[in-house]
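Fold and contact review
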Amino acid sequence: ELKLQSEAQSITVSELIEARVEHETKRFNLMRPVNFYMLVQPKGAQEWGKSYRLPEHRDLDPEAAKVAALAAFEKKRFFVLFNGKELKSLTDTVPLDVETSVSFVKLMSVIADS
């Protein structure tokens, strides 16, 4: 679960995707888990059940992962639901409040270049 803290009243889909991917890559780099699940599959990572595993640990590049995630959204490899409604554009906005529910539904692998 990702809790966003912002002074803004809303966030774009692009900013939401970037926040999730940055959170996941930073957490991975800090925790160094053997098995992990992320929106973006790092290059060279092997699928391991419903998670991924890197043959040897390395730090992940959040910027490369963000680029891959944004491109994948535009190619419809995953979609974002806001309170059950699909958001179709990176410029769509989501209001930020305690009732906001956002889900990411991955249809195909999203692989980063690094």
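As a reminder, the structure under discussion sits directly above these lines.
A few points on the structure. Source: prediction; values computed, not measured. (Residues numbered from 1 in each chain as written. Predicted model: local features only at pLDDT ≥ 70, side-chain atom pairs only at ≥ 80, totals over all residues. Heavy atoms only, no water.)

Each α-helix turn comprises 3.6 residues. Residues three or four places apart therefore point the same way. Spanning 19 residues, helix α1 (residues 13-31) covers 27 Å between terminal C-alpha atoms, matching the ideal 27 Å at 1.5 Å per step. Within α1 the residues assigned to the buried category are V13, S14, L16, I17, R20, V21, E24, T25, F28 and N29. Contact partners of the buried residues in α1: β1 (10-12), β2 (35-36), α2 (62-74), β5 (78-82), β6 (85-87) and β8 (102-106). With its phi angle positive at about 50°, R32 sits one or two positions after the end of α1. (Helix = DSSP H or I, 4+ residues; strand = E, 2+ residues; numbered from the N terminus. Expected span 1.5 Å × (residues − 1). Buried < 20%, exposed > 50% of the residue type's maximum accessible area, 1.4 Å probe, protein only. Contact = heavy atoms within 4.5 Å.)

Attention now goes to α2. The end-to-end C-alpha distance of α2, which contains 13 residues, comes to 18 Å, matching closely the 18 Å that a straight helix rising 1.5 Å per residue would cover. Its buried side turned inward, α2 meets α1, β5 and β6. Positive backbone phi, at 65°, marks K76, one or two positions downstream of α2.

Quick look at empty space enclosed by the protein now. Scanning the entire structure with this criterion turns up two cavities of 30 Å³ or more. The space that makes up the second largest cavity amounts to roughly 40 Å³. Every residue along the wall of the second largest cavity is listed here: F73, K76, F78, F79, E86, L87 and K88. Going through the elements one at a time, β5 and β6 are the ones with two or more residues in the lining of the second largest cavity. Within the lining of the second largest cavity, the residues separate by chemical class into four nonpolar, no polar and three charged. (1 Å grid on protein atoms, 1.4 Å probe; cavity = no way out; pocket = protein on both sides within 12 Å on 5 of 7 lines; lining within 4 Å. Points joined across faces, edges and corners; volume = space filled by probe spheres on them. Nonpolar A, V, L, I, M, F, W, Y, C, P; charged D, E, K, R; others polar.)

Here we take up the pattern of salt bridges. For the structure shown, the criterion picks out five salt bridges. As a salt-bridge pair, K66 and E22 come within 2.7 Å of each other at their nearest N and O atoms. Remark: E22 occurs in helix α1 and K66 occurs in helix α2; sequence separation between them is 44 residues. When its relative accessible area of 10% is taken as the criterion, K66 is described as buried. Accessibility expressed as a relative area gives 24% for E22, which makes it partly exposed. Each of E22, K26, E63 and K66 takes part in one network of salt bridges that share partners. (Salt bridge = Lys/Arg side-chain N within 4 Å of Asp/Glu carboxyl O.)

Another aspect to go through is the nonpolar core. Counting residues in each nonpolar core, the largest one holds 19 residues, and the members touching the most others are V13, I17, V21, F73, F78 and V80. Elements that contribute at least two residues to this core include exactly α1, α2 and β5. By residue number, the principal contributor to this core is α2, which donates six residues. Contacts of V80, omitting those with residues within four sequence positions, involve V13, L16, I17, F73, K85, E86, L87, V102, S103 and F104. Listed in part, the seven residues of the second largest apolar core include F28, F36, A45 and L60. (Core = buried A, V, L, I, M, F, W, Y, C linked by side-chain atoms within 4.5 Å.)

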